[in-house]
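Chain residues, written in single-letter form:
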Amino acid sequence: MGLFRKTPKNLPEFWVNYANLFKETQNKNFEDLVFVVLDTETTGFSFDEDRILSIGAVKIKRETLSVQEVFDIYLAQEKFSKDTVHVHGLLKNGQRDCISEILALEKFLEYVGNAIIVAHHAGFDMGMLNTALERNGLPKLKNTVLDTGVIYKKTLIKSYLVQPKTNYSLDELADKFSISKKDRHTALGDAYITAVAFLKIISRLKEKKNFSLKYLIR
């Protein structure tokens, strides 16, 4: 059966299984939502020219970090940029077990399911992941996405004296919330910092009377 279980677009079974999860009615109760907080390390900042080196992610369930459910994988490098090694420390022939891009995507889709994705400056991570999916003949991710850089600004009191900045870096959030930056610039380390920042942001925003997932998205 396995060979014939394809959709008309000839998509692989792992994609079909992922897509089917979105046909189910999503739970609207905020406490019951599952969040996957992720980060990617890449060879650079071009969606088309650069590649993902590693993906790190953690799950949040009932507003608690699920430490036994971490995702930490390294991709075999077709491309190598010596210019970014000083940031992430990943060398072309390093000692890590690396897997192919398509296998990494399959494992990631299995892990993320229909959870809400959270990332810092999420547009970049989502762009890299969606470009990788497209390169392998797959559609874009279907998950709802939250950006900690954007939702952090909802915690700030706007006044004529204090205008929020356009962008807040992950380092700034870590400093504001006193989060350790020990594993900064590893995918899993940055995912963990982002997850702790997300939980701190949520605890502040929950005091607002109109707090909901909709409030976070808009």
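Preceding this section is the structure that the text describes.
The structure presented is a predicted model; accordingly, all values stated were derived computationally and were not measured.

Visitor: Before we go on, may I ask you to explain the nonpolar core in this structure?
Guide: Of all hydrophobic cores here, the largest spans 32 residues; its most connected members are Trp15, Ile55, Phe108 and Leu141. Going through the elements one at a time, α1 (13–20), β1 (34–42), β2 (52–61), β3 (64–74), α3 (101–112), β4 (116–119) and α4 (122–135) are the ones with two or more residues in this core. If we ignore the near neighbours within four places in the chain, the residues touching Leu141 are Trp15, Tyr18, Phe108, Leu109, Ile117, Met126, Leu129, Asn130 and Leu133. Counting residues in hydrophobic clusters, the runner-up holds 29 residues, among them Tyr152, Ile179, Val196 and Phe211.

Visitor: Could you clarify how one ought to interpret the packing of α1 against α3 in this entry?
Guide: Helix-helix packing is characterised by the crossing angle of the two axes and by the distance between the axes. Direction vectors running N to C along α1 and α3 enclose 25°, while the axes themselves pass 10 Å from each other. Put simply, α1 runs roughly parallel to α3. You can see that α1 and α3 cross each other, and the crossing is left-handed. Two secondary-structure elements touch here, α1 through Phe14, Trp15 and Tyr18 and α3 through Ile102, Glu106, Leu109 and Val112.

Visitor: Please clarify how the environment of Ile201 should be interpreted in this entry.
Guide: Of note, Ile201 is situated in helix α7 (residues 187–205). Look at Ile201 and you get buried, because its relative accessible area is 0%. A sequence separation of 48 residues divides Ile201 from Lys153, and the C-alpha atoms of the two residues are 9.3 Å apart. Setting aside its immediate chain neighbours within four residues, Ile201 contacts Thr148, Ile151, Tyr152, Thr155, Leu173 and Phe177.

Visitor: Can you help me understand the packing of α3 against α4 in this one?
Guide: Interaxial distance between α3 and α4 falls to 10 Å at its minimum, and their mutual angle equals 120°. With respect to α4, the element α3 is oriented oblique. The way α3 lies across α4 gives a crossing that is left-handed. Within the contact between the two elements, α3 uses Glu101, Leu105, Phe108 and Leu109 and α4 uses Leu129, Ala132, Leu133 and Arg135. By residue class, the composition of the contact of α3 with α4 is six nonpolar, no polar and two charged.

Visitor: I tried to follow the sheet that holds β2 on my own but got confused; where do I start?
Guide: For sheets, the rule is that strands pair by backbone hydrogen bonds, running either parallel or antiparallel. If you walk across this open sheet you meet the five strands as β3-β2-β1-β4-β5, and the pairing is mixed. At either end of the open sheet lies a strand with only one pairing partner, and these are β3 and β5 (145–147). Mean inter-strand twist for the sheet, computed between neighbouring axes without regard to direction, equals 25°. Along the sheet, α4 contacts β1, β2, β4 and β5; its crossing angle with β1, the most-contacted strand, is approximately 80°. Contacts between α7 and the sheet are confined to β1, β2, β3, β4 and β5, with β2 contributing the most and set at about 30° to the helix.

Visitor: Is there a simple way to explain the environment of Lys206 in this structure?
Guide: Mapped onto the elements of the fold, Lys206 is located in the loop between α7 and α8 (213–217). A residue is classified by how much of its surface remains accessible, and Lys206, at 31% relative accessible area, is partly exposed. Ignoring anything within four residues of it in the chain, the contact list for Lys206 reads Glu31, Glu63 and Phe211. A distance of 2.5 Å separates a polar atom in the side chain of Lys206 from a polar atom in the side chain of Glu31.

Visitor: Explain the packing of aromatic side chains to me, please; I cannot follow it from the model alone.
Guide: Aromatic ring pairs are defined here through the distance separating the ring centres and the angle between the ring planes. Within this structure, the stated rule accounts for eleven aromatic pairs. For Lys59, the ring lying beneath its charged end belongs to Tyr111, and the centroid distance is 4.5 Å. One residue, Lys154, lies across the ring of Tyr215, its end atom 4.8 Å from the ring centre.

Visitor: I tried to follow the pairing of β4 on my own but got confused; where do I start?
Guide: Side chains on a regular strand alternate between the two faces of the sheet. Here β4 shows two buried faces, one formed by Ile116 and Val118 and the other by Ile117 and Ala119. By the bridge criterion, three bridges tie β1 to β4 in an arrangement that is parallel. Bridge assignment links Val37 to a residue of β4, and that residue is Val118. Here β4 pairs with β5 via three bridges, running parallel. The residue of β5 that forms the bridge with Ala119 is Asp147. Following the chain from β4 across α4 to the adjacent parallel β5, one finds a crossover that is right-handed.

The rules we used
- Residues numbered from 1 in each chain as written.
- Predicted model: local features only at pLDDT ≥ 70, side-chain atom pairs only at ≥ 80, totals over all residues.
- Heavy atoms only, no water.
- Core = buried A, V, L, I, M, F, W, Y, C linked by side-chain atoms within 4.5 Å.
- Buried < 20%, exposed > 50% of the residue type's maximum accessible area, 1.4 Å probe, protein only.
- Helix = DSSP H or I, 4+ residues; strand = E, 2+ residues; numbered from the N terminus.
- Contact = heavy atoms within 4.5 Å.
- Axes fitted to C-alpha atoms, helices over the stretch in contact; angles between N-to-C directions.
- Parallel < 35°, antiparallel > 145°, perpendicular 65-115°, else oblique.
- Left-handed = near helix turned anticlockwise from the far one by under 90°.
- Nonpolar A, V, L, I, M, F, W, Y, C, P; charged D, E, K, R; others polar.
- Pairing = 2+ DSSP bridges.
- Polar contact = N/O pair within 3.5 Å; in protein donor to acceptor, adjacent residues only side chain to side chain.
- Phe/Tyr/Trp six-rings, centres within 6.5 Å; stacked < 30°, edge-to-face > 60°.
- Lys NZ or Arg CZ within 6 Å of the ring centre and 35° of its normal.
- Right-handed = clockwise from strand over helix to strand, strands pointing away.

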